[in-house]
Amino acid sequence: MRKSFQLFSFLCITLFLGCQKEEEPTVTSIALDNTTLSLTINSTHKFKVTHTPSNLEAPSYNWTTSNSNIVSVNDEGEITAMSIGEATITVSSLENKALTASCKVTVDPIQVTGISLDIKNIELLIGEEHTLTYIITPDNATNQQVAWLSSDNNVATVDNSGKVKAISVGETQITVKTNNLITDVCVVKVKPIRATSISLNNNSLSLEMSDVETLIVSFSPANTTNKKVFWTSSNSDIAIVTDNGEVTGLNEGNAVITARSEDGDFTATCNVVVKLKGLSLTKYSLYLLPNEEEVIHVLYSTNEEAYLHATWSSSNPSVAKVTGDGDGTNSALIETLDYGTTIITATSADGSKIASCTVNVKEIEDFISLKFIGGGAVIINGFVTADVYSQITNNSTQSIELTSFYMYDSNSGSVVAYSTNPSQLGVLLPGESTNLGKKVSSVYYPLCVWTFNWNGNSYQVQHIYGN
């Protein structure tokens, strides 16, 4: 029985295996003719695809690019280089997506192999311009940018467009250079332009002392190369001239300014007349007492030298008048007569210029100044505790005699301190100061009063603490 079952099983397995069909062969891999490839812009390449096994029919293919801006591909596997860079081209089987092959494509620029300028040698006059042109080989080179260089910019310059400008006499080389350092050169020689004559913008000038005017030289032709000029003055005490033609009037009179060209030794002249600029005084205001004298001087306003041709006048001779010196000197002796104000004027010989001094004739009290000195003040409701000293100053030109000093409580009127002692008071000379006072305690705003004698009369001045 067991043998019969084993025989049956063997027959069934044999029957099953006999019924199975034999599998058909398939493509197992594909490959491109290049795995890396270098192209230049605008060039093309058509890939060849091989498959394994090679005796089988080739499958249908799908083509893709990783960057169509760099390399494009069509359905036939033909690629075109679009721009510089890298892209990967991939081919895959439409029937079996697992079958792929790829190629890394590098797109390189088309390099310049040569550059040629249209001119190799050129002569220019200073100021002239000429634009150089060039031809690049090959004409489809990717980077056609160039740089321009002059070997001596002092002779001639060149800009980014190849425009050459002649600057000064000499020789220089203009070089054009490509991005990959291929060059060509043009030799530029710059020649001078000779002068035929010169002229000035002014043939005559009228200046006041210290005025400045610049003379300008014009050359013929206008583009003369050498425009160096030498300047001279026929009288440098009257007018001077700088190397730039700047003329300065110094003193009254006439001078001739001459310009002489280095190229050709041509000359041009200008007649200069210098007039008085103005007058100035040694003092412009005076504060005097009656019956005093003061001397003032008149000067040239430009150089502070003595002006000897002024005439003097007073606008109010009853207050002060000119009593001495005057015409033929540069000084005036002024005598004060009465209180008030007058203007003392110096007038130039031609009457065109004046200078004035205001004379104020004042009372003796106007020349006396008072101030408090001391410190450590404590003030409570107007009551002062402090060192309070009153300082009197004589600002006049004459001596005064101090006769008394009193300090009062300005509320009660009581005397806080006083002195009539000549040894503490006495004569106060011009410009001198003295002071009197004491340490006070709870005195309401101390009032200080001084009396003095001058010119046979008695005067009084006062001031109050805190005001």
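Everything below is about the structure shown above.
Residues numbered from 1 in each chain as written. Predicted model: local features only at pLDDT ≥ 70, side-chain atom pairs only at ≥ 80, totals over all residues. Heavy atoms only, no water.

**Focus on the overall build of the protein chain**
The helix and strand tally for the protein chain stands at one helix and 44 strands. Its C-alpha radius of gyration of 55 Å places the protein chain more than 25% over the 23 Å reference for a compact globule of 467 residues. Dimensions of the protein chain along its principal axes, counting C-alpha atoms only, are 175 × 95 × 30 Å. When contacts within the protein chain are restricted to residue pairs at least 6 apart in sequence, those whose partners lie at least 24 apart make up 57%. Approximately 26100 Å² of the protein chain is accessible, and the part contributed by carbon and sulfur atoms is 48%. Treating the 26 positive side-chain charges of the protein chain as one cloud and the 47 negative ones as another, the clouds have centres 13 Å apart. (Helix = DSSP H or I, 4+ residues; strand = E, 2+ residues; numbered from the N terminus. Rg over C-alpha atoms; globule rule 2.2 N^0.38 Å. Contact = heavy atoms within 4.5 Å. Areas by Shrake-Rupley, 256 points an atom, 1.4 Å probe, with all protein chains shown as cover. Lys, Arg positive; Asp, Glu negative; His and termini not counted. Charge placed at Lys NZ, Arg CZ, Asp CG, Glu CD.)

**Focus on the packing of aromatic side chains**
Enumeration according to the criterion identifies 11 aromatic pairs in this entry. Note on Phe47 and Trp63: the rings are 6.1 Å apart at their centroids and 15° apart in plane angle, and the pair reads as stacked. Here Phe47 is found in the loop between strand S3 (44-46) and strand S4 (49-52), whereas its partner Trp63 is found in strand S5 (residues 61-65), with 16 residues between them in sequence. For the pair shown, Phe47 and Trp63 are each scored as buried. Between the aromatic rings of Phe383 and Tyr444, the centroid separation amounts to 5.1 Å while the plane-to-plane angle is 70°, which identifies the pairing as edge-to-face. Here the residue Phe383 occupies a position in strand S38 (residues 383-394), and Tyr444 occupies one in strand S42 (residues 433-444), the gap between them amounting to 61 residues. (Phe/Tyr/Trp six-rings, centres within 6.5 Å; stacked < 30°, edge-to-face > 60°. Buried < 20%, exposed > 50% of the residue type's maximum accessible area, 1.4 Å probe, protein only.)

**Description of the pattern of salt bridges**
Taken as a whole, this structure holds 10 salt bridges when the rule is applied. With a closest N to O distance of 2.1 Å, Asp184 and Lys120 form a salt bridge. Of the two residues, Asp184 is situated in strand S18 (residues 183-191) and Lys120 in the loop between strand S10 (114-117) and strand S11 (121-125); the sequence distance between them amounts to 64 residues. Exposure remark for Asp184: the relative accessible area of 14% places this residue in the buried category. Salt-bridge contacts for Lys353 lead to Glu208; the nearest nitrogen and oxygen are separated by 3.0 Å. Residue Lys353 is located in the loop between strand S34 (340-347) and strand S35 (354-361), and its partner Glu208 is located in strand S20 (residues 204-208); the two are separated by 145 residues in the primary sequence. Salt bridges linked by common partners bring Glu208, Asp211, Lys277 and Lys353 together as one network. (Salt bridge = Lys/Arg side-chain N within 4 Å of Asp/Glu carboxyl O.)

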